[in-house]
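Here are the chains, one letter per residue:
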Amino acid sequence: MSPTILLRRTALAATAAVLPLGLLSTATATTTAQPDAGRDAGLQRRLDRLVDRAGFPGVVATVRGSDGKVRTYRAGAGDLETGAPLPKDGRVRIASNTKMFTATVVLQLVAEGEVDLDAKVERYLPGVVRGPGGDGRRITVRQLLQQTSGLPDYDTLVIEGGGSLRSVAHTYFEPHDLLDAALAEDRAFAPGRRWAYSNTNYVVLGMLVQRVTGRPVGEEIRKRVVAPLELDDTYWPHPGEQRIRGTHGHGYHSDERGGRWHDLTRMDPSLGWAAGQLVSSPRDLGRFMQALLDGDLLPAAQLAEMKETVRAPGFDADPGWRYGLGLAEHRLGCDVTGWGHGGDIQGFTTRNLVTADGRWAVVTVNALPHDLEQLAAVSRTVEAAICRS
């Protein structure tokens with residue numbers, strides 16, 4: 001969850017502008033439960049500040065409180081032409097939250113005896129991971145999941161495409177394009193020596209899933225996670241599919257601070273693939289995280305492995321994050337542990353956490369942050385939503 005990944009790092013160097021406040025007149029709170037005036041007003045003010053001060057076009061927060069009820073809050077615009085707010089539970093590109101889904105499928109395969117966490121990648125993808133960027137004979141499956149493999153990110157694809165995420169928004173990439181770009185770079189460090197976020201790890205994991213199952217990774221995610229949980233708003237886009245199906249707001253992007261907003265609702269998400277391609281809704285994402293922590297998707301042994309974390313410096317704007325196997329951990333100010341991930345892609349930034357007692361919050365803004373202060377404002381809104389719930 002930080003500027004250290006391609007779908008984030010490049011974004012922070014090339015993203016959003018502050019909008020004229022005159023475009024941001026819409027602020028509403030909607031609930032599916034009895035309102036608590038103090039809690040609702042406090043969270044609404046935070047959302048208003050994400051628009052009025054941080055400069056995002058619009059924001060929607062979906063929160064499951066300690067009473068088990070789900071509440072939705074909105075501010076700003078989901079369509080800058082009409083001023084309409086973001087839909088209450090519209091579909092958004094969830095970007096690197098996809099990693100939680102990919103990791104879940106891999107760990108299900110571990111539980112089935114098809115994959116060994118501590119086996120070398122070479123066992124499943126012989127000869128595929130070879131180059132200056134890394135060697136599959138030295139990297140384990142666990143190191144891919146935990147972001148400790150040393151594989152570099154595939155930044156050069158954006159740089160060679162013009163240096164901005166907007167310049168490659170409509171470019172289709174094959175997974176091997178992503179891996180080849182990373183392997184052409186020098187490795188970041190020897191496997192297991194430290195932690196560094198790289199989308200490349202999850203591209204390799206997507207390839208591993210396909211080799212082991214004989215089926216596309218998107219199909220496996222749908223069959224093993226989306227369908228059993230009845231996540232009706234969650235889907236894997238078809239190759240070349242650029243639109244967002246169903247009800248959704250607009251996603252915006254600016255190449256530089258103070259620059260013009262560009263509508264990138266339609267874009268090709270293949271740059272993320274198994275690391276960041278999924279489309280979902282806030283409620284679906286919250287339900288997925290809750291089911292994951294409740295043990296509905298993984299046996300106890302694999303869930304425990306997923307929650308074994310290491311220090312993850314730079315994962316988000318605030319310090320203190322730890323990273324497990326596709327699942328991140330953060331101790332909140334109210335002395336509660338939150339689990340989740342977060343994701344950033346052209347048009348959308350999402351931050352989300354779930355707690356052991358079933359509370360969760362998903363906050364989505366329809367643009368990318370241009371600095372760490374903006375990013376921190378979104379993450380802290382998630383924390384406030386959980387701690388106030």
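Residues numbered from 1 in each chain as written. Predicted model: local features only at pLDDT ≥ 70, side-chain atom pairs only at ≥ 80, totals over all residues. Heavy atoms only, no water.

Visitor: How should the pairing of strand 13 (residues 337-340) be read in this particular structure?
Guide: Taken residue by residue, a regular strand's side chains alternate between the two faces of the sheet. Residues Thr337 and Trp339 line one face of strand 13 and the alternating positions Gly338 and Gly340 line the opposite face, and both faces are buried. Alignment of strand 12 (residues 328-331) against strand 13, held across 4 bridges, turns out to be antiparallel. Considered in strand 13, the bridge of Ala328 is made with Gly340. Count of turn residues in the strand 12/strand 13 antiparallel hairpin: 5 residues, of which Asp335 carries a positive phi of about 65°. When strand 13 meets strand 15 (residues 348-354), the two strands line up antiparallel, connected through 2 bridges. If you follow Trp339 over to strand 15, its bridge partner there is Val354. (Buried < 20%, exposed > 50% of the residue type's maximum accessible area, 1.4 Å probe, protein only. Helix = DSSP H or I, 4+ residues; strand = E, 2+ residues; numbered from the N terminus. Pairing = 2+ DSSP bridges.)

Visitor: Can you walk me through the nonpolar core in this structure?
Guide: What tends to happen in soluble globular proteins is that the nonpolar side chains get buried as a cluster. Grouped together as the largest cluster of nonpolar side chains are 112 residues, with contacts concentrated most on Phe101, Val141, Leu145, Tyr154, Phe288 and Met306. The leading source of residues in this core is helix 3 (residues 98-111), at 8 residues. When near neighbours in sequence (up to four residues on either side) are disregarded, Met306 contacts Met100, Ala103, Thr104, Leu107, Leu292, Leu298, Gly324, Leu325 and Leu327. (Core = buried A, V, L, I, M, F, W, Y, C linked by side-chain atoms within 4.5 Å. Contact = heavy atoms within 4.5 Å.)

Visitor: Quick question: what am I supposed to make of the pattern of salt bridges here?
Guide: Two side chains of opposite charge can pair, provided their charged atoms sit close to one another. Tallied over the full model, the rule gives 18 salt bridges. Two residues, Asp135 and Arg130, come together in a salt bridge whose shortest N-O distance is 3.6 Å. According to the relative accessible area criterion, Arg130 is partly exposed, its value standing at 35%. Through salt bridges with shared partners, a single ionic network connects Glu112, Glu220, Lys223 and Arg224. (Salt bridge = Lys/Arg side-chain N within 4 Å of Asp/Glu carboxyl O.)

Visitor: What am I meant to see in the state of the cysteines here?
Guide: Disulfides are covalent bonds that link the sulfur atoms of two cysteine residues. By the definition in use, this model includes 1 disulfide. With a sulfur-sulfur separation of 2.0 Å, Cys334 is cross-linked through a disulfide to Cys387. Between Cys334 and Cys387 the sulfur-sulfur dihedral comes to about -70°; the bridge is accordingly left-handed. With Cys334 in the loop between strand 12 and strand 13 and Cys387 in helix 11 (residues 372-388), the pair connects residues that are 53 residues apart, well separated along the chain. A relative accessible area of 28% places Cys387 in the partly exposed class. (Disulfide = S-S within 2.5 Å.)

Visitor: Even after reading the chapter, I still don't get the side chain of His262, so can you show me in this structure?
Guide: You can see His262 is positioned in strand 8 (residues 262-263). Note on His262: relative accessible area 17%, which makes it buried. Among the polar contacts listed, one links the side chain of His262 to the side chain of Arg260, at a separation of 2.8 Å. Beyond its immediate chain neighbours, meaning those up to four positions away, His262 contacts Arg166, Gly251, Tyr252, His253 and Asp255. (Polar contact = N/O pair within 3.5 Å; in protein donor to acceptor, adjacent residues only side chain to side chain.)

Visitor: Is there a simple way to think about helix 3 in this case?
Guide: An α-helical segment advances 3.6 residues per turn. Residues three or four places apart therefore align on the same side. Between its terminal C-alpha atoms helix 3 stretches 20 Å, which fits the 20 Å expected from 14 residues at 1.5 Å a residue. Counting buried positions over the 14 residues of helix 3 gives 13, a clear majority of the element. (Expected span 1.5 Å × (residues − 1).)

Visitor: I'm lost on the packing of helix 3 against helix 7 (residues 199-213) in this one. Help?
Guide: A pair of packed helices is captured by two measures, namely the crossing angle of their axes and the spacing between those axes. One can describe the packing of helix 3 onto helix 7 by two numbers: an axis separation of 10 Å at closest approach and a directional angle of 40°. One way to sum up the angle between helix 3 and helix 7 is to call them oblique. Our pair here, helix 3 against helix 7, has a crossing hand that is left-handed. For the pair helix 3 and helix 7, contact is made by Lys99, Thr102, Ala103, Val105, Val106 and Leu109 and by Asn199, Tyr202, Leu205, Val209, Val212 and Thr213, respectively. (Axes fitted to C-alpha atoms, helices over the stretch in contact; angles between N-to-C directions. Parallel < 35°, antiparallel > 145°, perpendicular 65-115°, else oblique. Left-handed = near helix turned anticlockwise from the far one by under 90°.)

Visitor: For this particular structure, what's the right way to read the side chain of Arg359?
Guide: Relative to the elements of secondary structure, Arg359 occurs in the loop between strand 15 and strand 16 (360-365). Among the polar contacts made by the side chain of Arg359, one reaches the main-chain carbonyl oxygen of Ile386 at a distance of 3.1 Å.

Visitor: Explain unusual backbone geometry here, please?
Guide: The bulk of non-glycine residues show a negative phi, and the bulk of peptide bonds are trans. With phi around 65°, Gln147 is a residue other than glycine that occupies positive phi space. Residue placement: Gln147 occurs in the loop between helix 4 (141-146) and helix 5 (156-160). Residue classification places Gln147 among the buried residues on the basis of a relative accessible area of 0%. For Asp335, which is not glycine, the phi torsion reads 65° and is therefore positive. Examined against the element boundaries, Asp335 turns out to sit in the loop between strand 12 and strand 13.

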